[in-house]
Amino acid sequence: MHETTILLIEVGALLLLLGLLGRLSRRVGVSPIPLYLLAGLAFGHGGLLPLNASEEFFAVGAEIGVILLLVMLGLEYSANELVGNLRSAAPAGVIDAVFNALPGFAFALLLGWGWVAAVVLAGVTWVSSSGVIAKVLGDLGRVGNRETPVILSVLVIEDLAMALYLPLVTALLAGVGLVKGGFALAVAVLTVVVVLAVAIRYGHLISTALSAKDPEALLLGVLGLTLLVAGLAAKLQVSAAVGAFLVGIALSGPVAHHATELLSPLRDLFAAVFFVFFGLVTNPLDMPPVLLPALLLAVVTMATKVATGYLAARRAGIAEPGRWRAGLALTPRGEFSIVIAGLAVSAIYPVEPKLAALATAYVLITVVTGPLLARLPDTPWFKQWLRQRAAATRAAAQVRVGD
């Protein structure tokens, strides 16, 4: 009884703190993710006031948080939209992977961490934060801009790539080796293809079985189906997150719309728990030695992400200002980077112990500076620089014509 009382006090106090931090973040116009991570660091191992009784609760809540993040992501796309985006934005996706995954991979090898840690860090630096970017676009009134579909296409390709990447990483972290890891990847590819085919042909039947008219039944049905499929996927070594993502894709129409509304508060709750738990298991004393490497990695990969968005927007015929808006908007990393690093932290066979601290510092840097960088194209001096750049380009073109 005493342990239950302590659990209620710790969980209640921490959730109340998260609520206050979330409100503070919205008042100052930044993402709450770094504040949640800092709260976890403050109350975790080596923090100011370590929480012991509630750690297991937050561990389970964190796993549910990842699942809800992924199913909500899947609900945003229909299977047809996903396939269509894959065809049109594939070249941009390849550029994105090369420009942003390779720096993380190379950086880990330079630090002497080994190739498994390098594969994990490649994923951490590769994927932008869909949640943070969506909020930034909304706050800046850019949802209807011409470059926004380019940004969303890059994010969709990253989301789909994660459906293939996560099972491979899960297998490698389980110590099964490259051959079995390749087999896990093949199973994941087959699973994704089959689910997409079923969703395109029979998705309406799944949606029909879950009535959108009864909110309580819909909530229980979608949540139960998501957890069931996520558990089965984890049992098959395909990754619970991927299973949840595929459930979201399979649902469509009014069911997907109403499920999004019903699940959003649960997602926000358990996503906050997930970020806190990652901070809880990261010792803040491990962070000072990796701050400089994290800053260097953040500078390099934010620059490569800007180049990714710029080139993707140029390929789509977007004008110069829109290219910069697209590139700068893509710089924040967040939920997926922490998910990937969290897999390494909870791995059966330990990976590089400094990886969690580096990933935490890296996400904190990018998620704070990213939204600030996204505002640069709206500043007078940046607009002036673009005008000067355009004038210089026209002058150079006239000289070439004269020659």
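Rules of the game
Residues numbered from 1 in each chain as written. Predicted model: local features only at pLDDT ≥ 70, side-chain atom pairs only at ≥ 80, totals over all residues. Heavy atoms only, no water. UniProt positions renumbered as here; feature names shortened; annotations may be inferred. Helix = DSSP H or I, 4+ residues; strand = E, 2+ residues; numbered from the N terminus. Buried < 20%, exposed > 50% of the residue type's maximum accessible area, 1.4 Å probe, protein only. Contact = heavy atoms within 4.5 Å. Areas by Shrake-Rupley, 256 points an atom, 1.4 Å probe, with all protein chains shown as cover. Salt bridge = Lys/Arg side-chain N within 4 Å of Asp/Glu carboxyl O. Phe/Tyr/Trp six-rings, centres within 6.5 Å; stacked < 30°, edge-to-face > 60°. Core = buried A, V, L, I, M, F, W, Y, C linked by side-chain atoms within 4.5 Å. Lys, Arg positive; Asp, Glu negative; His and termini not counted. Polar contact = N/O pair within 3.5 Å; in protein donor to acceptor, adjacent residues only side chain to side chain. Axes fitted to C-alpha atoms, helices over the stretch in contact; angles between N-to-C directions. Parallel < 35°, antiparallel > 145°, perpendicular 65-115°, else oblique. Left-handed = near helix turned anticlockwise from the far one by under 90°.

Under the annotation held in an unreviewed UniProt entry, the protein chain carries the name Potassium/proton antiporter membrane subunit, CPA2 family and is attributed to Micromonospora humi. Here is the UniProt Subcellular location (unreviewed entry) comment for the protein chain, exactly as written: "Membrane". Note on the protein chain: under the UniProt heading Sequence similarities (unreviewed entry), the record states "Belongs to the monovalent cation:proton antiporter 2 (CPA2) transporter (TC 2.A.37) family."

A.B. asks: How should I be thinking about the overall build of the protein chain in this particular structure?
C.D. replies: In terms of regular secondary structure, the protein chain is built from 16 helices and zero strands. Looking at the protein chain as a whole, 49% of its 403 residues qualify as buried. Of all intrachain contacts in the protein chain linking residues separated by at least 6 positions in sequence, the fraction that spans at least 24 positions is 82%. Surface accessibility of the protein chain: about 18,600 Å² in total, with carbon and sulfur atoms responsible for 70%.

A.B. asks: What should I look at first to understand helix α13 (residues 320-329) in this one?
C.D. replies: Since the α-helix advances by 3.6 residues per turn, residues separated by three or four positions end up pointing in the same direction. The buried fraction of α13 amounts to nine of the ten residues, a majority that puts the element mostly inside the structure. When α13 is considered as a whole, its buried residues turn out to be E320, G322, R323, W324, R325, A326, G327, L328 and A329.

A.B. asks: Could you clarify how one ought to interpret the pattern of salt bridges in this entry?
C.D. replies: Scanning the model with the defined rule gives seven salt bridges in all. For the salt bridge of D378 with R142, the shortest nitrogen-to-oxygen distance reads 2.9 Å. With D378 in the loop between α15 (355-374) and α16 (380-402) and R142 in the loop between α6 (130-139) and α7 (148-173), the pair connects residues that are 236 residues apart, well separated along the chain. For D378, a relative accessible area of 38% gives the class partly exposed. R389 is the salt-bridge partner of E320, the closest N and O atoms lying 2.5 Å from each other. With E320 in helix α13 and R389 in helix α16, this residue pair connects regions lying 69 residues apart in the sequence. One connected set of salt bridges, linked through shared partners, spans D96, E158 and K305.

A.B. asks: Before we go on, may I ask you to explain the packing of aromatic side chains in this structure?
C.D. replies: Aromatic ring pairs are defined here through the distance separating the ring centres and the angle between the ring planes. Scanning the model with the defined rule gives six aromatic pairs in all. For the ring pair W324 and W385, a centre distance of 5.5 Å and an interplane angle of 70 degrees mean the geometry is edge-to-face. With a gap of 61 residues between them, W324 in helix α13 and W385 in helix α16 connect regions that are remote in the sequence. Of the residues examined, W324 reaches a relative accessible area of 19% and is grouped as buried. On the basis of an interplanar angle of 55 degrees and a centroid distance of 5.4 Å, the ring pair of F382 and W385 is categorised as tilted. Taken together, the positions of F382 and W385, both in helix α16 and three residues apart, correspond to about one turn of that helix. Classification of F382 as buried rests on a relative accessible area of 6%. Judged by relative accessible area, W385 falls into the partly exposed class, the value being 32%. Joined through ring pairs, the aromatic side chains of Y310, W324, W381, F382 and W385 make up one cluster.

A.B. asks: Help me understand the nonpolar core, please; the structure alone is not making it clear to me.
C.D. replies: Note that soluble globular proteins tend to have their nonpolar side chains buried in a common cluster. Formed by 93 residues in total, the largest nonpolar core has its most connected members in L37, L70, L121, M162, Y165 and F275. Here this core takes 14 residues from helix α11 (residues 253-280), the largest share from any one element. Sequence-distant contacts of L37, defined by excluding residues within four places in its chain, comprise F275, F278, G279, I338, V363 and L364. Counting residues in each nonpolar core, the second largest holds 13 residues, with L137, A326, A329 and L330 among its members.

A.B. asks: Is there a simple way to explain the side chain of R333 in this structure?
C.D. replies: Note on placement: R333 falls in the loop between α13 and α14 (335-345). Here R333 is buried and forms no salt bridge, its nearest opposite-charge partner D96 lying at an N-O distance of 6.5 Å. A polar contact of 3.1 Å, which involves the side chain of R333, links it to the backbone oxygen of T301.

A.B. asks: What am I meant to see in the packing of helix α5 (residues 115-126) against α7 here?
C.D. replies: For any two helices packed against each other, one specifies the inter-axial angle together with the distance between the axes. Remark: α5 packs on α7, axes separated minimally by 11 Å, with the N-to-C direction vectors making an angle of 160 degrees. Put simply, α5 runs roughly antiparallel to α7. Seen along the crossing, α5 lies across α7 with a hand that is left-handed. Contact residues: α5 offers W115, V116, V119, V120, G123 and W126, while α7 offers E158, A161, M162, Y165, V169, L172 and L173.

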